[in-house]
Amino acid sequence: MIDQVERKKRLVRWWIGTGSSAIVLAFGGYLLVMRYLLDHNPLREKYWLITGLVLGFGALRLGGQLLRRKYLFDED
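Described below are features of the structure shown in this document. (Residues numbered from 1 in each chain as written. Predicted model: local features only at pLDDT ≥ 70, side-chain atom pairs only at ≥ 80, totals over all residues. Heavy atoms only, no water.)

Attention shifts here to the overall build of the protein. For the protein, the count of helices and strands is two helices and zero strands. A compact globule built from 76 residues should have a C-alpha radius of gyration of about 11 Å, whereas the protein, at 17 Å, is more than 25% larger. Overall size of the protein, expressed as C-alpha extent along the three principal axes, is 55 × 15 × 15 Å. Counted over contacts in the protein with a minimum sequence separation of 6, partners at least 24 positions apart contribute 69%. Total accessible area on the protein is roughly 5800 Å²; 66% of this is exposed by carbon and sulfur atoms. (Helix = DSSP H or I, 4+ residues; strand = E, 2+ residues; numbered from the N terminus. Rg over C-alpha atoms; globule rule 2.2 N^0.38 Å. Contact = heavy atoms within 4.5 Å. Areas by Shrake-Rupley, 256 points an atom, 1.4 Å probe, with all protein chains shown as cover.)

Pasting the structure below:
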């Protein structure tokens, strides 16, 4: 059985991971806003590659975090 301190540590680590995933997705969204609403393309020909990688990584990471939440206290 998991004690209360370990449960809180796991929950805090999960929230930090989820928050960092949301920040990565927000940055990818900012790159899209910068391109379409502000009409600014600082990365030239590598723009779509970098934007796609940032959004893809953020989405995979957030999906992993949400799946991890399901099994966070699985030992109970």
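If the charged atoms of two oppositely charged side chains come close together, the side chains can form a pair. Under the defined criterion, the tally for this structure stands at two salt bridges. Glutamate 6 is the partner of arginine 10 in a salt bridge, and the nearest nitrogen-oxygen pair spans 3.3 Å. Of this pair, arginine 10 and glutamate 6 both sit in helix 1 (residues 4-36), four residues apart, which is roughly one turn of the helix. Overall, glutamate 6 belongs to the partly exposed group, its relative accessible area being 26%. We note a salt bridge from aspartate 39 to arginine 35, for which the minimum N-O separation is 3.6 Å. Take arginine 35: its relative accessible area is 26%, and that puts it in the partly exposed class. (Salt bridge = Lys/Arg side-chain N within 4 Å of Asp/Glu carboxyl O. Buried < 20%, exposed > 50% of the residue type's maximum accessible area, 1.4 Å probe, protein only.)

Now for the side chain of serine 21. Examined against the element boundaries, serine 21 turns out to sit in helix 1. With near-sequence residues (within four places) excluded, serine 21 lies in contact with Gly58, Arg61, Leu62 and Gln65.

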